[in-house]
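The chain contents come next:
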Amino acid sequence: MTEYNDKPVKWMLYPSIIFMVIGMLVGVFASVNGFILPDYFAGEYIHFGRIRPVHVSHVTLLWLLAADMGLIYYIVQRLTGVPLWSHKLAIVTTIGYWGSVTLGTYSLPFGTNAGWEYAELPMLLGFLPIKWLVEASWGLFAVNIFMTIANRKYKKMYVSLWYTMGTLLWTTFVYAIGNLIMDLVPYGISRVNVNFFYVHNLVGLTFTPLGVAIAYYFIPKTANTPLYSHKLSMIGFWSIAFVYAWIGAHHMMHGPISQWLQTVAVVFSVWLWIPVWTVVTNFFATMKGQWGQYATSAPVRFLMMGTVFYLLVCLQGPLQALRNVNEITSKTDWIIGHAHMALYGTFTFFAIGGIYHAIPQMVRKPLWSQALADWHFTLSLVGGMVFFVSLWVGGFLQGLTWANWVNGSSYAEFHNNLSQMSFLQTVSDMWVWWALRSFGGALIAAGGVLFAINMFNTVVLKGNEEMQKGAEA
Ligand code: HEM
């Protein structure tokens, strides 16, 4: 039997869980201190503008990407039937990734923000080229995974490997464009264009294919049933590869960019339905006859609820790109609700589902507490729904109010409306929705703490012999 090298998996997964909890708690702090009791705790280092990127960097890079990398180390070995190509390379990757991202993130309160969304990490911290180190670590990760796949024992390539290989290539380019090449682009709208190409592709060509690769592996695995259709999964893979790169400009609809670019973004955003439909149909069809497990298995619950959120988020996305819908929702809190349903509701749920399966398997012990896992799921789901729905309703009302400004057919009428309506009033009208967001966020964070406790105890506490046999079976 092949002896897999699970050390790199653990090096990525264990710290990522701790950072997830910290990131969520920072989110709760940002939502209360930024919106409910503005600047109750005042100070340069904890001001909203400094704390927001700390939250985003925690949950995207220190949690989600790191957890996904750990799960990819896990999956690829099992799908290829060989251990990881190079242990040494994995050590260097781990040190490089954690060192650069942690230092970069924790420098943000001191004003080192590079100033672009999702690309906030500083270029240079002292003599350390942070962004180059992140890119290099990713490159080493990619080499290790590609070489493992090249040396595989099982010749047939399962769909998760396709998604993994795609992500390794795409992320290398996308990260370089948004972080390293960005400064060479002329100032003004061109840079904004490049930034949104990067922002959307970080979601579409990094977190989406990684999340889908993870779900494609863990759904059939945890439900102990074969995948419904390999052919469908391939249609999904190639259509995602073709569609995603074109849609970043939908973030600038009605902005000072050319109309043709906006139209291209709308058309490709609507096409997004194809890959999404293939993925969701495949996952649901795979679960046919297996739904009883939803009541008992923590991984199945998180993976399938993540699939439902994936469907919803990808129904929202194309709709938001339509010009008339975009007119109302763009730049409002609706978008923050949408972003959380994608990165939390979908991809965090997929990663958590994978971790609930992988950690007990690696330490050869069953999960420490099923009851805690049930509570984790309930808090995550209820908290998530309160969070998303409050921001959609509040954001939509916010958008309608702002849209009223443009009533009237002449510039004079438009200007008159502007002067009659106080922008500050539209901000204070959001209070109740933001309070609900904080409440939902607090439930999510509480669920995150239970998850960390459960995983910690699963790893460190001694399982009895019977339990051990159960996990190995
Ligand atoms: C793993 C879980 C989470 C993920 C992946 C996540 C992700 C994100 C992302 C990507 C953004 C930027 C949104 C955008 O620019 O459109 C963001 C902003 C934010 N998040 Fe989270 N988040 C998580 C949990 C939380 C929690 C638990 C809270 C608590 C209330 C929270 C509160 C916030 C706030 C207040 C902002 C700033 C919104 C604004 O600028 O108006 N997040 N988060």
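Structure's up top.
In what follows, the accompanying structure is described. Please read these numbers as outputs of a predicted model, since none were measured by experiment.

1. Section: the overall build of the protein chain
Part 1 of the reasoning: Across its full length, the protein chain carries 17 helices and 0 strands.
Part 2 of the reasoning: A compact globule built from 473 residues should have a C-alpha radius of gyration of about 23 Å, and the protein chain, at 22 Å, falls within 12% of that.
Part 3 of the reasoning: Summarising its shape, the C-alpha atoms of the protein chain cover approximately 80 × 50 × 40 Å along the three principal directions.
Part 4 of the reasoning: Each of the 473 residues in the protein chain was classed as buried or not, and the buried ones make up 47%.
Part 5 of the reasoning: In the protein chain, once contacts between residues fewer than 6 apart in sequence are set aside, the share between residues at least 24 apart is 84%.

2. With respect to the site of the ligand
Part 1 of the reasoning: In the vicinity of the ligand, 25 residues are found, and the nearest of them are Gly-27, Val-59, Ala-339, Leu-343 and Gly-441.
Part 2 of the reasoning: The set of elements that each furnish at least two residues to the shell around the ligand consists of helix H1 (7–36), helix H2 (48–80), helix H12 (333–363) and helix H16 (431–460).
Part 3 of the reasoning: Across the shell around the ligand, the residue classes tally to 15 nonpolar, 8 polar and 2 charged.

3. Some thoughts on the nonpolar core
Part 1 of the reasoning: Within the largest apolar cluster, 121 residues are counted, with the highest numbers of intra-cluster contacts made by Leu-64, Ala-67, Ile-75, Ile-214, Ala-215 and Ala-351.
Part 2 of the reasoning: Counting residues per element, this core draws most heavily on H2, which supplies 17 residues.
Part 3 of the reasoning: Setting aside residues no more than four positions away along its own chain, Ala-351 makes contact with Leu-64, Ala-67, Asp-68, Leu-71 and Ile-214.
Part 4 of the reasoning: Among the nonpolar cores identified, the runner-up in size contains 5 residues, and Val-26, Ala-30, Ile-51 and Val-54 belong to it.

4. What to know about unusual backbone geometry
Part 1 of the reasoning: Even without a glycine there, the phi angle at His-254 is positive, about 65 degrees.
Part 2 of the reasoning: If you trace the backbone, His-254 turns up in the loop between helix H7 (230–243) and helix H8 (259–271).
Part 3 of the reasoning: For Lys-331, which is not a glycine, the phi torsion comes out positive at approximately 70 degrees.
Part 4 of the reasoning: Considering the arrangement of structural elements, one finds Lys-331 in the loop between helix H11 (323–329) and H12.

5. What to know about the packing of H2 against helix H5 (residues 159–181)
Part 1 of the reasoning: Two numbers describe how H2 lies on H5: the axes approach to 10 Å, and their chain directions differ by 135 degrees. The angle between H2 and H5 places the two elements in the oblique class. Taken as a pair, H2 and H5 cross one another with a handedness that is left-handed. Taking contact as the criterion, the partners of Ile-72, Ile-75, Val-76 and Leu-79 in H2 are, on H5, Ser-160, Leu-161 and Thr-164.
Part 2 of the reasoning: For the contact of H2 with H5, the class distribution of residues is 5 nonpolar, 2 polar and no charged.

6. Here we look at the environment of Thr-346
Part 1 of the reasoning: Following the sequence through the fold, Thr-346 ends up in helix H12.
Part 2 of the reasoning: It is 9.0 Å that separates the C-alpha atoms of Thr-346 and Thr-208, two residues lying 138 residues apart in sequence.

7. Things to note about the packing of H1 against H12
Part 1 of the reasoning: Where H1 meets H12, the axes come as close as 12 Å, and the angle between the chain directions of the two elements is 130 degrees. Of the possible angle classes, the one that applies to H1 and H12 is oblique. As H1 packs across H12, the resulting crossing turns out to be left-handed. Within the contact between the two elements, H1 uses Val-9, Lys-10 and Leu-13 and H12 uses Ile-355, Ala-358, Ile-359 and Met-362.

8. Quick look at the environment of Thr-329
Part 1 of the reasoning: Within the element layout of this structure, Thr-329 appears in helix H11.
Part 2 of the reasoning: On the basis of neighbour counts, which here come to 23 C-beta atoms within 10 Å, the residue Thr-329 falls in the buried class.
Part 3 of the reasoning: Taking the C-alpha atoms as reference, Thr-329 lies 44 Å from Gln-361; in sequence the two are 32 residues apart.
Part 4 of the reasoning: Dropping the residues within four chain positions of it, Thr-329 is found in contact with Gln-320, Trp-334, Ile-335, Gly-395, Phe-396 and Gly-399.

Definitions and limits used
- Residues numbered from 1 in each chain as written.
- Predicted model: local features only at pLDDT ≥ 70, side-chain atom pairs only at ≥ 80, totals over all residues.
- Helix = DSSP H or I, 4+ residues; strand = E, 2+ residues; numbered from the N terminus.
- Rg over C-alpha atoms; globule rule 2.2 N^0.38 Å.
- Buried ≥ 20, exposed ≤ 12 C-beta atoms within 10 Å, placed from the backbone.
- Contact = placed C-beta atoms within 7 Å.
- Near = placed C-beta within 6 Å.
- Nonpolar A, V, L, I, M, F, W, Y, C, P; charged D, E, K, R; others polar.
- Core = buried A, V, L, I, M, F, W, Y, C linked by C-beta atoms within 7 Å.
- Axes fitted to C-alpha atoms, helices over the stretch in contact; angles between N-to-C directions.
- Parallel < 35°, antiparallel > 145°, perpendicular 65-115°, else oblique.
- Left-handed = near helix turned anticlockwise from the far one by under 90°.

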